[in-house]
Amino acid sequence: MAFVVLSWLFFWRLRRRLTRLQEAMSATPAADSWTEPVLIQKDRMDEIDQLGGSFNRMIKQLEDSRKREHEEEGLRHRLIANLSHDLRTPLTILRGHITRLNKESISEEGQDSLTEMNDTITRVGELMDDLLSYTLLTSGKHPFKPVSTDIGRLVRASVAAWYPVFEEHDIQLDVDIPAEETFYWEADPGWMTRVLDNVFQNIVRHAAEGKYASIVVDVEQELIIVADRGPGMERSSYERGAGMGLSISQYMLNTMKLKADYTSSENGTRVAIGRA
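Model, not experiment: these values are computed from the prediction. (Residues numbered from 1 in each chain as written. Predicted model: local features only at pLDDT ≥ 70, side-chain atom pairs only at ≥ 80, totals over all residues. Heavy atoms only, no water.)

*Asks:* Give a detailed account of empty space enclosed by the protein, specifying residues and quantitative values.
*Replies:* Within this structure, the stated rule accounts for two cavities of 30 Å³ or more. Of the volumes computed, that of the second largest cavity is approximately 40 Å³. Forming the boundary of the second largest cavity are Val195, Val199, Leu246, Ser249, Gln250, Leu253, Ala260, Tyr262 and Ile273. With four residues, the top contributor of residues to the lining of the second largest cavity is helix α8 (residues 243–255). Classifying every residue of the lining of the second largest cavity by side-chain character gives seven nonpolar, two polar and no charged. (1 Å grid on protein atoms, 1.4 Å probe; cavity = no way out; pocket = protein on both sides within 12 Å on 5 of 7 lines; lining within 4 Å. Points joined across faces, edges and corners; volume = space filled by probe spheres on them. Helix = DSSP H or I, 4+ residues; strand = E, 2+ residues; numbered from the N terminus. Nonpolar A, V, L, I, M, F, W, Y, C, P; charged D, E, K, R; others polar.)

Quick look at the structure:
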């Protein structure tokens, strides 16, 4: 009887220690830090304690790695924000010199060069804004407020805001937005407007030569379809100039559980925005 009782106590203590070890390994770590989850007795250090010690060391290494990652991410975000701010001063100075040169007697070719330089400065400024916006988005500092959004009304408002720009570039608009029918997405209206702004901006920048844009709200399939007759993404300057804007749009759509499908050929580009 004594042997049975001692054996039962031994296996009961062994099972209890293994159960505690399993619970510690299965526990979800705290958001701020990972403390040592397994209590060990260093004076005993049998096989179970050695396993617990190895697990504690692994957790410590993961914690150190996560801290370094957060520090590097914070440093990267600060560096991008500082560069975005510091680069605006020389760009402003360059723009001032271009404005001064425009008042001088310059040949037609020189005037074209000044116009190109001014457009380039504007584009660099927009790229810095996009880079800063992407940094804020990925660091969770850009406000995200999803609400039930009337997509038909939102697209109609965006088209109205961009209509003068399309008209200025002689782009014919073919708009099909039902007046009495619509659908709703749980989305951030500001983010959705930013996504549409990027799509329309790409048409003006990279597909204006097609002189055509189609904007359709498909209520039945719950899709926003935008198409142009430009040279396509492979032959145009999409890859050179729209990468950051597309990345921002993609990040926003993913966060809102939406997606954008691109279909491009030499006859134009089609973008379909819908549920993921």
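*Asks:* Outline the packing of aromatic side chains, listing residues and values.
*Replies:* Counting across every chain of the model gives six aromatic pairs. For the ring pair Phe166 and Phe200, a centre distance of 5.8 Å and an interplane angle of 75° mean the geometry is edge-to-face. Taken together, the positions of Phe166 in helix α5 (residues 151–168) and Phe200 in helix α6 (residues 189–206) put the pair 34 residues apart, joining distant regions of the chain. Classification of Phe166 by relative accessible area gives buried; the value is 0%. (Phe/Tyr/Trp six-rings, centres within 6.5 Å; stacked < 30°, edge-to-face > 60°. Buried < 20%, exposed > 50% of the residue type's maximum accessible area, 1.4 Å probe, protein only.)

*Asks:* Could you give me a rundown of the nonpolar core, with the residues and numbers involved?
*Replies:* Counting residues in each nonpolar core, the largest one holds 35 residues, and the members touching the most others are Val155, Trp185, Met192, Phe200, Ile224 and Ile273. For this core, the secondary structure elements donating two or more residues are α5, β3 (184–187), α6, β4 (212–218), β5 (223–228), α8, β6 (258–265) and β7 (268–275). When residues in this core are grouped by element, the largest group, eight residues, is from α6. Not counting residues within four places of it along the chain, the set of residues in contact with Ile224 comprises Ile151, Val155, Trp185, Met192, Leu196, Val216, Val271, Ala272 and Ile273. Counting residues in each nonpolar core, the second largest holds five residues, with Ile98, Leu114, Ile121 and Met128 among its members. (Core = buried A, V, L, I, M, F, W, Y, C linked by side-chain atoms within 4.5 Å. Contact = heavy atoms within 4.5 Å.)

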